[in-house]
Structure formats: C-alpha cells, structure tokens
Amino acid sequence: MDQPRARFPSQFLRSSEEILRIFDTKPSAYLILAKDFTIVAVNDAYLRATFTRREDIVGRPLFDVFPDKPQNPDAIAVRALMASLRRVLVTRAPDTMPIQKYAVHQPAEQGGGCEERYWSPVNSPVFAADGELAYIVHRVEDVTDFVRMKEHFAQAVDTQSINVQIKEFEVEMFLHAREAAKQLRESEARYRALILASSQVLYRMSPDWSEMRQLRGGDFITDTEEPNRNWLHEYIHPDGQPRVQEAIKGALQTGTVFEFEHQVRRVDGSLGWTSSRAVPVRNADGEIIEWFGAAEDISARKEAEQRLRESEEKYRTLFANMAEAFALGEMIHDEHGIPVDFVWLEANEAFYRETGLPCSIVGRQAKEFLPRLEWHWLGAFDSVAKTGRSVHLEDSNADTQRFYDVTCFRPTPGRFAIVFRDVTEVRRTRDALLDSERRLALALIAGDSAVWEMEVASGIIKGEDKLYTMAGYAPGELKSIEDWFAIVHPEDAAGLPERIAAVVAGNGDKCSFEARIRTKSGDWRWNFSQAVVAGRDADGRALRLIGTHTDITERKLAELRIRHAALHDPLTDLPNRALVFEYGSRLLAGIQRKHMHGALLFIDLDRFKPINDIYGHNVGDQVLQEVGKRLVACTRNEDLVGRLGGDEFVILLPNLDINRRRAAVVAQNVLDRIGQPFRIDPLELSLSPSIGISYYPEHASDVGALIHAADLAMYQAKQSGRAGYRFYNPDLDRRADEAYTIEARLKHVLKHGRLALHYQPVVDIGSGQLIGAEALVRIADNGGAPPGPATFIPIAEAAGLIGEIGDWVLREACRQHDAWLAEGLCVAIAINVSPLQFRQHDFAEKLGSILTDSGVDPTGLQLEITESTVMESIDEAIAILGRIKALGIKVALDDFGTGYSSLSRLSSLPLDKLKVDQSFVRNIESDQASRAVTEAIIALGRSLKLDVIGEGIESKDTLQYLQEHGCTQAQGYLFSQPLPASQFVQWHRQQHMH
C-alpha cells in the first residue's frame, strides 16, 4: 500500500522550490526536508542522479523513498544518514558525513539494473524568522569517479607515492567542498530570506515575452504555476497595454533592463498601479533564455500624488483669490544666528494691495523695501520658523505707517507664513471708544472713591487728597508705587507687582484687586483698587495708568461674618459640616505634601437623647456647648474640631507620625473629659462618648470617606458596650454592606407581611406545667437563610424600623392569644420591647389602643424590658412602667444581672418578674461566680416578692439547681426550642398527654 502523501503549506513549497530553481544550475543534488524528514522539495540534479520523478517523492518520508530501510543491518549508508539528520536536529549545526556508497536502481524503461555510486553528503539546518529550526537541506556530491580512481591507483606498483598524491587530492577536495558548502548555505539563506520577505510580484517570462512561465502573486495578484500566453490582457489595463508593449519592444532590441509603471487588475477586480522591472537571464553563449522580473504595488504612492496635485490646485486657487493678505518667507541670520532680514518667497494679490509694495518682491530681501523693519516683526517671524509655535500679534510698521493684525505660522521648518489685514482705521476707532469709556467709568465712580494717576516711567503716583486721608496719611506722603506696595498686607501683596507689570507690558488693558492696607495708626483696612491703561507707546508699552481706590472694609467684615455664620455651628461655634469638609481637605493636602499621616475621630454621645427628653432642649444645648469646649481642650491648635450635627462631633488630627499613637491618646483624653459630670444648675448630668477612629491615608484619602470609616468604627464601639473607642478595619465595610442588605430585606418583609412569631414555653418549676410563652420574632421570607434576631433587631433599630416591627409583634401576639383561647389553650404571652420602642413618648397609649382593638384580656400579656433600658433613665422608666401597669399588663425585667442596677432604685420599679440572664444560667455548673450572681438574683426577687425566671436552661442539673435555690419559673432548650404557633400547640398536647 502506498504511503499517504504529506500536505504542506503552499507558501513553504513555493518558496523552497524557488530557492531550488536558483540552485538548478549547480551540479550538486539537493533535498529540502521537514523536521520529520519528509521531503518538501527536490532539485533537478537529484532527480537525474537517482532516476526518480518529483511527483513520486515530494511529500513522502525520506526513508520510504530508499529501497533500503534503516532497520536493515546491511543498510549502512541509510543508517548513517539517519544518524546525521538526528545530529542536526539536536545540535542545530551542519553535519558533514563521510563518503557513502549507495545502490542506485534504474527504472525498467531505462534498462533496469543497479549501479553503485559514491556520494559525499552534507546536512544543514534552515531557521525560521523566530529562530525555530524549519528545514534541513540535504546536499550530496557524486564522488564516484574520484573513489574509483583512488582504487585504481591503489593497485599500482608505486603505491606509497600514489597514496600520498591521493591523500593530498582528498584533502584539497574536502577543503574545496567544505568551503563551497558554506558559501552555498549562506547563499541559500540570503535568497530564501529575500524571497520570503518580499511583498512584490515575481514572474518569469519567455525570451520574447510571449509567454508568462510563472507568477508569484504577492499581495494583490493570484499565484499561478501554469504558462500564460494571454498575460498582457489579463493583468494590464487596456489603456496601458500599448505603452507596455512599446517598452517590451525596446527592451528586446537592446537586451537591457525593462522598467515601466502601469495599471494592473487586482485579485478582487479593482485597479491598482505597479512599478515593474525585469532583467534578462542569459546562457553560457550570451543568449537570453528568459526574463526574471518583479512588480511592486505603487497604488498608494499614485493616489498620494493625485491628492497632492488636487491639493496644490486648490491651494493655488485659494491663494490667488483669498481676501486676506498672504506671504511666505525664509529667515536670514548673521554669523551669530541672530535674525537680520528675510527673503520673500511668495505673495498673493491681497498682499500688494494691503502693503502698497511693488509686485517684484518675490526672491528679494524684505529690507530692500522696508528699511526700518522693526525687531518685533523679525523676532516673531524667526521664533515661529524655529519653534513651529504660531503667534498672533497686532502692531505697526514705520515704513508703511499702518497697523496690521497678523497671524504667523510655520508651513515647513525654517520658513514662516503670514496672513494679515490692515487694521489702522479699526484701531483708531477702537482707541477713541476706549478712551471715552474710561472717562465715563471714572466719572461714575469718582464720587465715592479716590482717583489716582501714575506715570509708568517714573512710578510716581498722584491723586486727590482723599486718596491719602482715607488711610490716615497726609496728602502726598506716599509718593511712588513702591511706597504703596510697602503698606500692602504680605498675604495680599503676592503677585501684585507682576499683575500690574503685565498690564504695562501689554497683556491686557486693565486690572483690579482687593488688598488690606496698613493705615497710619497701624490698623488694616480693606481696599478695592482698579487701574486702566491711558496710553501706550509705539512698542505697545503703557505710558500712563489711571484708576480708583475704594475703602471696602465694612463690606469685607460683613462678608466674613456671613461666611463664619455659614461655616460654623451656631450653638457651639465649632466648624460645621461644610467647613469640616473644606478645611479638612486642605489639611489632608498638607499631610500628603509632607508625606505624613493623619487620623479622624468620630464622636457620638451616649445617652444624650434622654437629657433632651427629660430636661428639655435648653439643658441639652448647654451640654453640647460644654462638650464642644472640652473637645477643643483635648486638641492642639493645628487640629480641627467640628460638629456634624445633633450629638455627633469629629476631630481631625494632622501631621501624625507613622505609629499614630497620638490618636489613641486623644481618644482616651476625650473619654476622660466627657466622662466627667456636667453641672447645669441645679443638675449634675453624666455622659459618655463612643469614638470611632480612621487613618489617613490607609483607610481613606478624602474627608468624606474618613468620616464614613470612623462612623462604622464608632458603631462598633457602641455595640461593644459604649464609652470606648474602636479603630476602623475593612471588615466593618463588609458588615455595613450586610446591614444594608438586611435593612432592605426587613423593609420588604414588612411591606409583604413576611414576619412570623415563634413561641418558647415557660413552665412552672414546681409542677412542670405550662404557664406562659415568650414570643420571638422571625423573618419568614424566601430570601435564603434568615438572619437571627440578634442580627436584625439592632439593624431595625438603627434604620428606624423597630417601631413598626414592635407594633406588628404586639398585634400578632394578641391575635394568637385569641386563637389559642379558641382552641382551649390559655397561656400568657411575653413580648420583648425594644429600648427605642419603650422610650417612645406615646408607647403606653399605643399599647392600650392595640389591646382595645384586639379585645384581649390584658392579663394574657406580659412585657419584657431589659435592665439596661430601664437604668438608662430610671425616672422616665418608672413613669412609663406605671402607665403600662395601669393597663393591667405584667412587666418582667429581662437580662437581669448584666447591668448596673441600683438596688435602692430597683425596689421602686413596678415589676412582676425578674429574668436571670442566660449567660449566668448556662454557666451555673462550671462557674462559681455565675452561681453566686444567680443565687443573689433569686434571693433579691424573693425579697421583693417577684417571680424569678431562669432562662437558657439546657440540662436537668441546672434545672435542679435553680429549683433548690428558689427559682419559680424556667425556660430553655431543655423544654423546647422556639416553635411556630401550630407546632407549639402540638408540643403542649404531647406534654399534657404525658
């Protein structure tokens, strides 16, 4: 079975065969092999030497072509060739083999038989552009005659002499062959790189140009390997065919190079331009055997030339007909490079009309016609010609006695072009109008202001007496502009001389400024000054300034008072939010320039609202004023203390070192100072701050972001027990994001009624009977795992949703109580009340309305208030609890033992129950302190004749301990976890059956 023919990219075959055509005139035989030893191309010499045909071997593995296989022990030459090729792959270097003997089989049509031939092979690598080995060139020299001559001489008598000659001849042949191989490899590489890199069309023509023998199309003509006698009509545009034929005729007559530009049809049928060049190829007798040529696509050049011709035509038309004057010039410099003149290169009709110069200026120097040509023109034109930066100027020329408005630009390096118009009459009209406007303006303002005048050359200022007396000086006491600059406040003087100098030089016709002036008595007065140019010289420099001087001190003071009021808190006189952001941004910019660090403290007062609610806003305002003073006392002059609003303050500490220890020191100082009593006659009040701290630049790079970060840290301080400080960390942002998500979820469940109550049984320890249930709110939506109450209740409080949730819980508990009564289950339901809900001024009244609406017996409900809620404002709590008790509802003090209740005040609270916090109950079995606290709470409850509930009971040992020490009621997972209403009923029935 025939071996499958390998397929290779056509460009590889084409380029390799083109290289071999170059080597076809060489006597050596060539194969080009792929890296897997597949034959890619072969030259004619090899085909003649091996009696093979190109179509039979190209594309086949090399060792499939040989009759002998490398596996054959007798195929010594074939195995040697295999080893040499592998060495080339490994070493990436040429490998010269010893002379090998091969059996060359003749085909049957040539008589058949086998002839032994001796070949000298060389294998050389060929590398691609990226350095990878692409091919191996296998070249062989037939040395059969030489070997046989050597064998013949070896049989001669004078063997030694002949052997010496043979050795010398072998060495000479070897050296010659090696050098030839080297040159051939270099030639191969050059030709291959040249052909593969070329983007040109390559073609071969018959001696008389009647037939195109081969075409390598390049980028715009299709390749062809077939002879084509119709090439002229297929590739050459009809308009160009006669000229191409004429050029061919001339080349054939002279036998010289053919060169011509003509239009050609591209692959897609479009027309393009090519530049074609062909050279004759001659044989040994000098006869032309073919023509070899190349054609390059010059379409882009031809299109550019056409566009250039069109552009030049447009330019000429525009140039001749433009209304404005135009001229082109080239500068002339002296030996030092200083511009001294220029040559006119071109000018349009408008140029001669505007200047009145003769029409013969082109090619001549400017000063031939303008002998007094000013430096300002020469300097401007030279600058444009050198730098390429266009300029616009309006000035006069002494020779023409006219003013010109000139725009100058550079068309090419070293040259300049000007477009200009005569503005003499326009300028005269404008100057007259400006002078009239100045006189009118000064007349209008002279009544309330002092008028002055300054001669620019001397700097002397003169004015009416009022100019001096309004600042307390004697008339004429301040003589020069330097005298006036000397009494300007240093902060306002910066840049003032430069501004006036710019107007004098021609950069504008007027200027104005506000500045503080030191009076004779040493006071500072605000003044507004304005000046206008009253005339200029030929160079455009101001000759005289006139102006007014107005005292604006009262206006500036009013502006300062307004600004202070706008940027300061009216209660504490501290910077408000706007000034904190404005001045804070400046401080941060200074920190950045100095490569220092900073910190921001966000301060929120704990338990400030009850002060406002109980004692009134007047007392609350006095407390806030005192807090502001104490905060300022904690800081340095360079620090910024501000009030954002309500009971929120900030302190910005700039210029901290790398460890920023001072931030913690200031925070502790704030805690200590704010923690001291506030004496507002006749009251003595206590407050504490919660502080969050963020760092610049680690946590944020602007004031707003620093406040946000410190705010998050402040809430962390509040959640950690208040009266402390915490530092921002990136995890707080994650928690904030989670809180925002939960807040949105809470709003959704409230809107769509997706809250639910679960109930945990409360039993009588003595009898084990069910006596109540605590209602615990849960989220019952389909938004994934619901957050627990410990997570979403604080978020609801912060978001202002806790009142709505609390109202829903109250109504749902009443509804469920009625539903259970209908089922024969009579059980009191305990409801937790949030501190924020409890402190609502109308909480007791709203509770009464809910009871009335539901018709529930008040004895069927019980409210649980945390100890910390009551102790935050105990007098207010006693009043609220009294109104609740008046409704007939029982009250339990929850989480008892975790706060700092005063026993003397506890007895005054209208309570029915104490609940021992579960943190103590759960540790009874392992912690002596928890047992001691629990026993004390039980004893306290018994002494006050209150029921005591132990919550969080999870073991029988804990239950037994509580029972032995007098606890009357129990709650916890030992009995049941919180259950939905339906499951709670099932639990009760199961317990009743047992």
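As the structure is a prediction and not an experimental result, all values here were calculated from the model. Residue positions are given per chain, counting from 1 as you read along its sequence in written order. Only residues with pLDDT of 70 or above have their local features reported here, since the model is predicted, and side-chain atom pairs are shown and tallied only from 80 upward, although totals for entire chains, interfaces and linings are computed over all residues. Hydrogens and water molecules were not included; the side-chain quantities draw on all heavy atoms of the structure.

Draft legend 1. View of the sheet that holds strand 21 (residues 544-551). Spatial strand order, 18-17-21-20-19: five strands in an open sheet with antiparallel pairing. Each edge of the open sheet is held by one strand with a lone partner, namely strand 18 (461-463) and strand 19 (510-518). On average, each strand axis in the sheet is inclined to that of its neighbour by 25 degrees, with strand direction left out of account. As paired elements, strand 17 (residues 450-455) and strand 18 share three bridges and run antiparallel to each other. Note on strand 18: the bridge partner recorded for Met454 is Ile461. Only heavy atoms enter the contact rule, under which two residues are in contact if any of them lie within 4.5 Å. Lines fitted to the C-alpha atoms define the axes, with helices restricted to the stretch that makes contact. Angles between their N-to-C directions range from 0 to 180 degrees. Only DSSP runs of H or I with at least four residues qualify as helices, and only runs of E with at least two residues qualify as strands; both kinds are numbered from the N terminus onward. Running at roughly 155 degrees to strand 19, helix 17 (residues 496-505) makes contact with strand 19, strand 20 (524-533) and strand 21 of the sheet. The sheet contacts of helix 18 (residues 553-567) involve strand 19, strand 20 and strand 21, and relative to strand 20 the element is tilted by about 115 degrees. Whether two strands pair comes down to DSSP finding at least two bridges between them.

Draft legend 2. Fine view of the packing of helix 23 (residues 703-719) against helix 24 (residues 731-752). Helix 24 packs onto helix 23 with a crossing angle of 80 degrees between their chain directions and a minimal axis gap of 10 Å. The angle between helix 23 and helix 24 falls in the class roughly perpendicular. Of the residues in helix 24, those in contact with His708, Leu712, Ala713 and Gln716 of helix 23 are Leu732, Asp733, Arg735, Ala736 and Tyr740. Here the nonpolar group is Ala, Val, Leu, Ile, Met, Phe, Trp, Tyr, Cys and Pro; Asp, Glu, Lys and Arg are the charged ones; every other residue, Gly included, is treated as polar. Looking at side-chain class alone, the contact of helix 23 with helix 24 contains five nonpolar, two polar and two charged residues. Any angle that falls under 35 degrees is termed roughly parallel, while one over 145 is termed roughly antiparallel, one within 65 to 115 roughly perpendicular, and all others oblique.

Draft legend 3. Geometry of the pairing of strand 30 (residues 770-779). Judged by how many residues are buried, strand 30 sits mostly within the fold: eight of ten residues are covered. Where strand 29 (residues 755-764) meets strand 30, nine bridges bridge the pair, whose relative direction is antiparallel. By the bridge assignment for strand 30, Leu755 is matched with Ile779. One ladder, built from four bridges, connects strand 30 with strand 31 (residues 828-832); its direction is parallel. Each bridged residue has a counterpart across the sheet, and for Glu774 the counterpart in strand 31 is Ala830. Throughout, exposure labels follow a simple rule: accessible area from a 1.4 Å probe, protein chains only, divided by the maximum for the residue type, with under 20% read as buried, over 50% as exposed, and the rest as partly exposed.

Draft legend 4. Expanded view of the environment of His595. Structurally, His595 can be placed in the loop between helix 19 (577-594) and strand 22 (597-606). When the C-alpha positions of His595 and Pro697 are compared, they lie 9.9 Å apart, and in sequence the two are 102 residues distant.

Draft legend 5. Here's a closer look at the packing of helix 19 against helix 23. At a minimum axis separation of 9 Å, helix 19 and helix 23 run at an interaxial angle of 100 degrees. Between helix 19 and helix 23, the angle falls in the class roughly perpendicular. Contacts between helix 19 and helix 23 pair Val580, Phe581, Gly584, Ser585 and Leu588 from the former with Val703, Gly704, Leu706 and Ile707 from the latter. In terms of residue class, the contact of helix 19 with helix 23 is made up of six nonpolar, three polar and no charged.

Draft legend 6. The arrangement of helix 24 in detail. For helix 24, with 22 residues, the first-to-last C-alpha span of 32 Å sits near the 32 Å given by 1.5 Å per residue. For helix 24, the full list of buried residues reads Leu732, Ala736, Ile742, Arg745, Leu746, Val749 and Leu750. In this structure, the buried residues of helix 24 make contact with helix 23, strand 28 (725-727), strand 29, strand 30, helix 25 (789-798) and helix 26 (802-822). To estimate the expected span of a helix, count its residues, drop one, and scale the result by 1.5 Å.

Draft legend 7. Quick peek at the environment of Leu600. Of note, Leu600 is situated in strand 22. The spacing of Leu600 and Asp711 is 111 residues in sequence and 9.9 Å in space, taken between C-alpha atoms. Once you skip the residues sitting within four places of it in the chain, Leu600 turns out to touch Val650, Ile651, Leu652, Gly692, Ile693, Ser694, Leu706, Ile707 and Ala710.

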